[in-house]
Structures are given as C-alpha cells and as structure tokens.
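# Structural description and commentary
Spelled out from the first residue to the last, the chains are:
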Amino acid sequence: MQLIIGFAKGSNGRRRPLFARSPEQLDQLILEDNPPLNLAVYLRKPEIKRLGKAGVVATPAILRSVLQLAAENQYHDSEALFLALDADGAVVELSAVDQIAAFVSSSPNTPFPSGDGIQSKDREERFAYWQQEFERCIRCYACRASCPMCYCEQCIADSNQPQWVPVPPHTLGNLEWHVARAMHLAGRCVGCGACSKACPAGIPLGLMNQFLAELVEKEFGQRAGMATKLDYPLSVFNVKDREDFIK
Amino acid sequence: MTMIDRKLLKKESVGPLMAVLRDSGRRIIAPQSVGSAPGAWYRELGPEDELDLEHLTTLSPKSAFLPMVEEILRFRNEGKRIVIDDCKIQAQPTVIFGSRPCDTRALHALDAVFLRQPEDMFFREKRAATTVITFSCAAADPDCFCTSVGGGPRDPEGSDLLVTGIGNDCWLVEVWTLKGKQVVELAPHLFQPAGEVETECLVAKVPVRFSLDDVRKHLPVLFNDEEFWREQSLACLGCSSCAFVCPNCSCFDIQDEADLKGGSRLRCWDSCGQKLFTLHASGHNPRGGQSQRWRQRVMHKFSYLPEKEGLIGCVGCGRCSRACPADMNLVERLTAIAEARV
C-alpha cells in the first residue's frame, strides 16, 4: 500500500480528502460520517493512480460505488484495499470484489436521502419545481466531476458532432443535461449524494437519481451497488423484454 | 480615483431610492434569496421583492455584464446563401444595488479583457449602461482575503457609489463617479450632506494572509516544477466550480445552435479547469492533466494578468474556497507558493 485515501480536517470547518503517503500523515486521518464527496471518485484519477496502490477509508456509499464500478468492469479485484467498520466498530479490510459484496449485503441497507416531499407532488408541480431549480444551474458540471459513476472518457455533454445536449446554460440546455444525466444513472446511482453537495448552486440533484433508483428497484428489482453482477435495465438487451410500451 | 462627494442616506430611504431608480427606467439587480437555494442571488429586484444584504451571494454580479449565455449573432439559410444578422445588444439602464467591494473591484479584470481593442461591444454597452452601488463589508468570513490581493472591505475601486454603515439607521454614501452623482441627483431629497468630518465606519477586519509580491516572484520559477503542481492539485476533481463562481474569470466558449433554417451563435461561460477547454481537434491536449489545468488557473490570475494588464485576476472574495467540494483552499495554495523555497 503506497497511499491511504481518507478525510482530514480541512479549512474553516470543512473536511478535505487526505492522500497519506507516510505513516506520519496518517495522524491527520479522521472518520467522517457525512463526507463532502465520494472518495471512490479518486480511484479513476490518473494523478492518484500513479501514486501506487491505494487503501481507502470506506463508508457504505464508497463500497457500494466500488461494487457498482466492478459490475461495470471499471474496478477489478484487489485494485485497492478498503478499510471499513463492521457493526461492532472493528476495522475490516476488504479487497476482492466478492468480499466487498458480502460485506455490503450483511450491512444495513442505507436509505436514499429523503426529498422534501417533492416526490409526492403531482407532475406539473414537480416540473415547475425542477424548472425553478435548474434556473440556477451554471453548467459547471461539478455534478459529473464528483460522481464515481460518471467515468465516461467522453461525456455526452462534451460531444459536439453531433451535439446531443445543448451546451448553453439556458432553460432547455439545463433541463436536457440533468435529465440525460439522471437517465444515464438510472439504476446505477448508489445515492451517495456527492452531486448535491458538489453543486455550487445548491440544486438537490440527488433527488432525481433517487426517484429513478426507486423506480428501477420497483420495476426491475435491482438496486445499484448491491451485487457484483447486475443486468442494467437501460444497457441490457433481452429478447424477453416487454415491448408493449413502444407504440 | 477621486471622491466627488459624500452624503448621508437614512436606512429607511433605501426603499424610496429604489423606487426613484425604477421610475427613472433603470432596472435594479440586487441580492435576494431564491427559494430554498443557499446564499443570496443577484436577480432583478421588483417593488415587492426583498433585498438581502446579509448573506453572501453564491455568484458575483458578473453576469450583468457577461451573461452565462448570450446571443452574439444570428444566421439563416436563404437558398444557397447564409445571411448573417446582427443581434440587438440588450443594454437596459441598470443599477447593481448591493455589490461587495471585492466583486466591484473584479470589474477591472473584466474591463481589461473586454474593453481592450477591439472592444467587445456586448460587454461595453452593458458596462456603460450600468451603475454599481457597492456596500462596504461590515462582516467578513474566514474565507475572505480581499486585503491580500490589494482590495479591502471598504475599497471604492470600480464603484460609482460606495455605501458604508455608520450606525444603526444611517449609511455614508461616497460618490466616486459621475454615474454615481446622477443617482444622487435623481433623488436629492433623500440624501443629506455628510460634511467633512471623518465618521466612525462599520467595516470588517480582514487580515492579510500571504505576500502577493512573493507569489508573483515565485510563480515563474515554480512553473516547471511539475511535482509541485501535482501535489497542489491532487484533490482537484476538475469540476470547475471555482471558475464558475469567480467574479474575475472571463473565459467563454462559442456555441452554434441551429436547425435547417438557421440559428444563433452563443457565447457561454467556460473554464480552464475542464479538459475539453484545451483539447485539440487532433486529440492532443496541451493541458492533458488536472495539475496543468490547476497551474494555468493560478498562473493566469497571479502571473499572466499582472504581467499583461497590470492587475491581479483575483479579488479575494473566497467563493472558490467555499464552493470547492475537495476543499482546495486558494489562500493555502497561494501561501504555499509565497513560502516556497525557490
């Protein structure tokens, strides 16, 4: 292990990621229940990869992210070591994907962050709510950068031939971007909430993902980051799929 | 800059002053709360809206001059010809009411970019039509560092009027420009003479955090120290929040939106923190790593702009530090640069 990734005390009451490369630096490590970002996002960064094999102080959300990444062939057995706390508060070392899966399935299920009742509102009210929220979007893509599942080398929003999603931060462009992102994360989002926390405009983006995650779970019986192998409703073709919804 | 005049304004006269400004055909852009969104937001302030001078604004009033998205021309297909139509420049007489000294100072960096020859007419017209009424800061938070980059909580730079609290029910209004004088002349009955006596002003104390001279001296030397920049930016997610909340950042992207009949050319905010910013059509990226993009951000603000335009591309508002999900505190980074052994 050349590197331990965790959280340390940051500036002005904040928490910041720690990349400890010596035992002395480990003294700064703190356990953070409500982290400002999902550390799994660093596993794909070339600057971090070149530091060597990493150990990650892992919360349930991080472990589920890694499981989801493994199911999508983005994380492979023993690429990193995860240090998690079991129910008794003892440190458990997890490395193989099966180990992580066993640990996750034996841990209590983390509920998705609850929305402020927006889900129960009717369609028009929900649409009006999101229009109002997206009006503040500045299209910095911090939601994408903070998301462990947004690992595409070329994002659909960066493609300009053809241009799928309008780049300007106008009403249509913002709506298309956030809906596209939510759809791409449907059944893949583990509900860590990093996007909502990273958004400088304070848009509760995680609510959209939560809505779709619940829908996918209800319709397909799947929940992201719970198993090493998943069939994603939106990326798998099955001849038995119902097609009666296509008019 | 020379002060033209000093006046007193009762707090209860702020509402009537805004009514006068509106009646004169000016639109007022001012901080207010927006739904459940954190902080305050610059929006057009209608007669029924409530001014929020207490909370920090998530964004600066920059978008009044450089909108997040702006149409700069239109084109249409006529047979085999493409006809280009100019866009009408939207420059409504505007008053920015309740800017902060740091945000107002940032207009200098925007002026340097957009008013150099050839002038950017979209920016120029809006800038000319806008009066900036700045309020001195009575409080600062630990992320504020205006005094480290040449500004201060009562810095008049760029303001047409600078308003400072001098007690519970009164503001001291300093008139710094002719545009500011025009505002006072619109409602002379609301202002009282302030006299010559220096009044006790309610102004925040913002300590100097690092030596700007040392930052500027060390940057060209550190430029090639790849390890230094990699270490500084290890936590950077490349999310660009810092650039999008920055009152100085002025980089933009040009996008065409069109259908078969024609379309628009749009200017949108952009950021050097994103890898697409410098990606060549060949696939080569001269700033291929996040550390190079971070270095560019720091160099541009603290080395290139000072060298080229004689000003710092940072006003110490602290927004980048507050917005960064990885807590890449700019003051800490600049302190490390100032204290580096080079």
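Just so we're clear, the structure is a prediction, and the values are computed from it rather than from any experiment. (Residues numbered from 1 in each chain as written. Chains lettered and ligands numbered in written order. Predicted model: local features only at pLDDT ≥ 70, side-chain atom pairs only at ≥ 80, totals over all residues.)

As a further point, take the overall build of chain A. A tally of regular secondary structure across chain A gives 8 helices and 6 strands. Going from the N terminus to the C terminus, chain A shows its helices and strands as β-β-β-α-β-α-β-β-α-α-α-α-α-α. In summary, chain A has a C-alpha radius of gyration of 19 Å against a globular reference of 18 Å for 247 residues, a match within 12%. Dimensions along the principal axes, computed over C-alpha positions, put chain A at roughly 60 × 45 × 40 Å. Across the 247 residues that make up chain A, the buried fraction comes to 41%. (Helix = DSSP H or I, 4+ residues; strand = E, 2+ residues; numbered from the N terminus. Rg over C-alpha atoms; globule rule 2.2 N^0.38 Å. Buried ≥ 20, exposed ≤ 12 C-beta atoms within 10 Å, placed from the backbone.)

Here we come to the sheet that holds strand β11 (residues 252–258) of chain B. Residues and elements named next belong to chain B. As summarised here, the arrangement of the 4 strands in space is β5-β4-β12-β11, forming an open sheet in which the pairing is antiparallel. Across the chains shown, the open sheet's two edge strands, defined by having one partner strand only, are β5 (81–86) and β11. Taking each pair of neighbouring strands and ignoring which way they run, the sheet shows an average axis angle of 25°. Judged from the 7 bridges that link them, strand β4 (residues 69–78) and strand β12 (residues 262–269) form a sheet pairing that is antiparallel. If you follow Leu73 over to β12, its bridge partner there is Arg265. (Pairing = 2+ DSSP bridges. Axes fitted to C-alpha atoms, helices over the stretch in contact; angles between N-to-C directions.)

This part covers the domain arrangement of chain B. Residues and elements named next belong to chain B. According to the domain assignment, chain B contains domain 1 (5–67 + 88–193) and domain 2 (212–339). For domain 1 versus domain 2, the distance between C-alpha centres works out to 26 Å. Between domain 1 and domain 2, the residue contacts involve 22 residues of the former and 18 residues of the latter. The greatest single-element share of the side of domain 1 that touches domain 2, amounting to 5 residues, is contributed by helix α3 (residues 107–114). Of the residues contributing to the side of domain 1 that touches domain 2, the split by class is 12 nonpolar, 6 polar and 4 charged. (Domains from an automatic or database assignment. Contact = placed C-beta atoms within 7 Å. Nonpolar A, V, L, I, M, F, W, Y, C, P; charged D, E, K, R; others polar.)

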